[in-house]
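# Inside the fold
Residues per chain are reported as follows:
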Amino acid sequence: MTDEGSGLEALRSRIADAAWRYGRSPGAISLLAASKTRSVSEILRLAAQGQRLFGENYLQEALPKLRTLTGYLLEWHFIGAIQSNKAAEIASGFSWVHSLDRQKVAARLNDYRLPHLTALNVCIQVNLSAEPTKSGASLSDLPGLAKAVSQYPCLRLRGLMALPAPCGDFSQQRQSFRELAQAFHELRAAGLDLDTLSIGTSEDFEAAIAEGATLIRIGAALFGARPPKTPG
Ligand SMILES: *Cc1c(COP(=O)(O)O)cnc(C)c1O
């Protein structure tokens, strides 16, 4: 693609197509630009086209970007693994955290959220495939954790997030998202006021939309493929 605008335009029309195909309203699906490894100028190019939600994974990389882009009215979401000693900077710099997976981190985010800010929006990340190397709470720990997180005054529990292992098969993608959607509905039935199902990347957002995604997190399909990590 030569036109810088075509990434966002093309993606928006794919989102709308998928939404109509599965009986969803395109307006009910928010687009988060996953901007890890992307420069400030790449972010500004998307912002100039109306993209407002951005997600970062690595605090050390994110903080200078957030500082540089203060004043652009972008909404910053933290979507990476959380080290509890980084909770203070995450709680003060971001509007959302999608990757909360244990109560200790919830307690810290709550303690460090500055009182003049609105509550920090949080999603609990669930490890659907129970892969030991992946972050995320297990489905069996989820009800207890969700209830505990919902009690913190400076946090607002919005929903659930998952990042299933990449899989090229559409029906298998749907199957794992459906498990999360089921857990989401059970928590709502139990009285938690949740509105966010944060699922879907460049590889599987159409399956996520089919299963009720309200927020999709897209990197490569917006910015182009990430350069491979160089060793050392
Ligand atoms: C990088 C990332 C994405 C986006 O992945 P792409 O394949 O580039 O669309 C989504 N969610 C999380 C948590 C990520 O780290």
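Residues numbered from 1 in each chain as written. Predicted model: local features only at pLDDT ≥ 70, side-chain atom pairs only at ≥ 80, totals over all residues. Heavy atoms only, no water.

The next subject is the overall build of the protein. From N to C terminus, the protein includes nine helices and eight strands. Computed over C-alpha atoms, the radius of gyration of the protein comes to 17 Å, within 12% of the 17 Å expected from 2.2 N^0.38 for 232 residues, which places it in the range of a compact globule. Taking all 232 residues of the protein together, the buried fraction comes to 49%. Entry remark: accessible area of the protein is about 11300 Å², with carbon and sulfur atoms responsible for 52%. Here the protein contributes 25 positively and 22 negatively charged side chains, and the mean placements of these two sets differ by 4 Å. (Helix = DSSP H or I, 4+ residues; strand = E, 2+ residues; numbered from the N terminus. Rg over C-alpha atoms; globule rule 2.2 N^0.38 Å. Buried < 20%, exposed > 50% of the residue type's maximum accessible area, 1.4 Å probe, protein only. Areas by Shrake-Rupley, 256 points an atom, 1.4 Å probe, with all protein chains shown as cover. Lys, Arg positive; Asp, Glu negative; His and termini not counted. Charge placed at Lys NZ, Arg CZ, Asp CG, Glu CD.)

Attention shifts here to the layout of surface pockets. Empty space within the largest pocket amounts to approximately 780 Å³. Across the lining of the largest pocket, the residue classes break down as 15 nonpolar, eleven polar and seven charged. (1 Å grid on protein atoms, 1.4 Å probe; cavity = no way out; pocket = protein on both sides within 12 Å on 5 of 7 lines; lining within 4 Å. Points joined across faces, edges and corners; volume = space filled by probe spheres on them. Nonpolar A, V, L, I, M, F, W, Y, C, P; charged D, E, K, R; others polar.)

A word on the site of the ligand. Inspection of the region around the ligand gives A34, K36, N57, I79, L163, T201, S202, R217, I218, G219, A220 and R226 as its neighbouring residues. For the ligand, a nitrogen atom lies 2.9 Å from a polar atom in the side chain of R217. Of all the cavities here, the one that holds the ligand is the largest pocket. Looking at the shell around the ligand, its residues break down into five nonpolar, four polar and three charged. (Near = heavy atom within 4 Å. Polar contact = N/O pair within 3.5 Å; in protein donor to acceptor, adjacent residues only side chain to side chain. Sits in = over half its atoms within 2 Å of the grid points.)

Right, let's talk about helix α5 (residues 103-112) for a bit. Those residues of α5 lying buried are V105, A106, L109 and N110. Buried residues of α5 fall within an arc of 135 degrees about the axis and therefore sit on the same side. Opposite the buried face of α5, at more than 90 degrees from it, the exposed residues are K104 and D111. For α5, the elements touching its buried residues are α4 (87-93), β4 (96-100), β5 (120-125), α6 (142-149) and β6 (155-161). (Arc of directions from axis to C-beta. Contact = heavy atoms within 4.5 Å.)

A few words now on the side chain of R24. Its location among the elements puts R24 in the loop between α1 (6-21) and β1 (30-34). A polar contact of 2.9 Å, which involves the side chain of R24, links it to the backbone oxygen of I209. The residues touching R24, leaving out its near neighbours within four places in the chain, are A19, I29, I209, G212, A213 and T214.

Confidence along the protein averages 94 in pLDDT terms, with 95% of residues attaining 70 or more. Per-residue pLDDT stays below 50 along residues 1-5; that stretch engages in five contacts with residues further than four places along the chain or on separate chains. (pLDDT = per-residue confidence, 0-100.)

A few words now on unusual backbone geometry. Phi is positive for T37, close to 65 degrees, though the residue is something other than glycine. Within the secondary structure, T37 sits in the loop between β1 and α2 (40-48).

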